[in-house]
Amino acid sequence: MTYRPSPEDFLKLADPLRRELLAHCYRMLGSVHDAEDLVQETYLRAWRGYAGFEGRSSLRTWLYRIATTACLTAIDSRGRRPLPTGLGAPSAEATTPLTERPEVPWLEPVPDVMVGAGADDPAQIVTSRESIRLALVAALQHLPPRQRAILILRDVLRWRAAEVAEVLQTTTAAVNSGLQRARAQLSEVSPSLDDPVEPLPPEQRERLERYVAAFESYDVAAIVELFTEDAIWEMPPYPTWYQGAETIGRLIEANCPAKRPGDLRLVPVSANGQPAFGMYLLRGEAYHAFALPVLTLAREGVSHVAMFFDLSLFDTFGLPRTLPTRDRAFAKK
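Residues numbered from 1 in each chain as written. Predicted model: local features only at pLDDT ≥ 70, side-chain atom pairs only at ≥ 80, totals over all residues. Heavy atoms only, no water.

A.B. asks: Hey, could you run me through the pattern of salt bridges in this one?
C.D. replies: Think of it this way: side chains of opposite charge can pair up when their charged atoms draw near. Under the defined criterion, the tally for this structure stands at 14 salt bridges. The residue Arg81 makes a salt bridge to Glu108 at a minimum N-O spacing of 4.0 Å. With Arg81 in the loop between helix H4 (59-78) and helix H5 (129-132) and Glu108 in the loop between H4 and H5, the pair connects residues that are 27 residues apart, well separated along the chain. Across the pair, exposure class does not vary: Arg81 and Glu108 are buried alike. (Salt bridge = Lys/Arg side-chain N within 4 Å of Asp/Glu carboxyl O. Helix = DSSP H or I, 4+ residues; strand = E, 2+ residues; numbered from the N terminus. Buried < 20%, exposed > 50% of the residue type's maximum accessible area, 1.4 Å probe, protein only.)

A.B. asks: I tried to follow the side chain of His24 on my own but got confused; where do I start?
C.D. replies: Counting through the fold element by element, His24 comes out in helix H2 (residues 18-29). Ignoring anything within four residues of it in the chain, the contact list for His24 reads Tyr64, Ala67, Thr68, Ile152, Leu153 and Leu157. (Contact = heavy atoms within 4.5 Å.)

A.B. asks: Could you clarify how one ought to interpret the environment of Ala182 in this entry?
C.D. replies: Mapped onto the elements of the fold, Ala182 is located in helix H9 (residues 172-185). Judged by its relative accessible area of 0%, Ala182 is buried. Along the primary structure Ala182 and Arg146 are separated by 36 residues, whereas in three dimensions their C-alpha atoms are 9.5 Å apart.

A.B. asks: Please clarify how the environment of Leu98 should be interpreted in this entry.
C.D. replies: For Leu98, the location among the structural elements is in the loop between H4 and H5. Counting along the chain gives 137 residues from Leu98 to Met235, while the straight-line C-alpha distance between them is 10.0 Å. The residues touching Leu98, leaving out its near neighbours within four places in the chain, are Met235, Tyr238, Thr240, Tyr242, Leu251 and Asn255.

A.B. asks: Before we go on, may I ask you to explain the packing of H4 against helix H7 (residues 145-156) in this structure?
C.D. replies: For any two helices packed against each other, the geometry comes down to the angle between their axes and how far apart the axes lie. One can describe the packing of H4 onto H7 by two numbers: an axis separation of 10 Å at closest approach and a directional angle of 150°. Seen from above, H4 lies across H7 with right-handed handedness. Across from Tyr64, Thr68, Leu72 and Ile75 in H4, the residues of H7 making contact are Pro145, Arg146, Arg148, Ala149 and Leu153. Each residue belonging to the contact of H4 with H7 can be placed in one class, and the counts come to 6 nonpolar, 1 polar and 2 charged. (Axes fitted to C-alpha atoms, helices over the stretch in contact; angles between N-to-C directions. Left-handed = near helix turned anticlockwise from the far one by under 90°. Nonpolar A, V, L, I, M, F, W, Y, C, P; charged D, E, K, R; others polar.)

Purely geometric stuff here, so don't read any function into it on its own.
Right under this line is the structure:
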């Protein structure tokens, strides 16, 4: 009698792979919401076809094939997701009013916990902080879709060329050629794929504490001191971006709706293996969700801030939309 695997077998074997598949789809698509949809589609397709799965490849390889194919189809219809830094040169006009581009499908950050990027996670080899950092995911968006898939499978997941060829239903020669072209396009991305991501040293943790204190006390001079000289600040859905600590300071003074100590509150989270915050703005008798900044730290200071204004990200990160005031007297100064 021939053994036929049951749907229950599939769920038991496939469920432990869910977070790494989510990380894979996120790297491909640049959107945590789209990645969740594609993982659900992957599991639905696999569940429906599991009775015919003959085990000629591993279940993991089979699921990656389904997920990658679904992602490539999605990219064809939805296009890439950029950050403002991928669209042009920095703006020198830090004091002019900002104009949104809501029609652009902007890159989204992802919570570490959703893709298993915690330091003690057993799947860290495929969902490490290094492999989901914002600069890498943003750079991947500029690659043609198949080159993007090849680079992720070969350099991030460390698959052999023959395994990648099986997933993409192509030849090893085509995989090696595509990988070479993809690496050439990403050669300017820093840090490289081989650079380790270490836990924050004490001086960096202290710098983050100063960052929170500077914003919550609305001390623009103190904020500027925390940035590197050539730091970058970008704010999707606003297409303009800014470079230089002094320019960032002028931008904050001119365009930030906070004006006094206590107007802002920052709640720490972790996104893309990087420090991030839920930022809240005081309106009336409560703090309301305002933005979600993701920070890149260099030895000399904060080198990059991507400030995301999509408030649905607060739900994604498990953050409340409102917070009570901690100290009414301080908040109203």
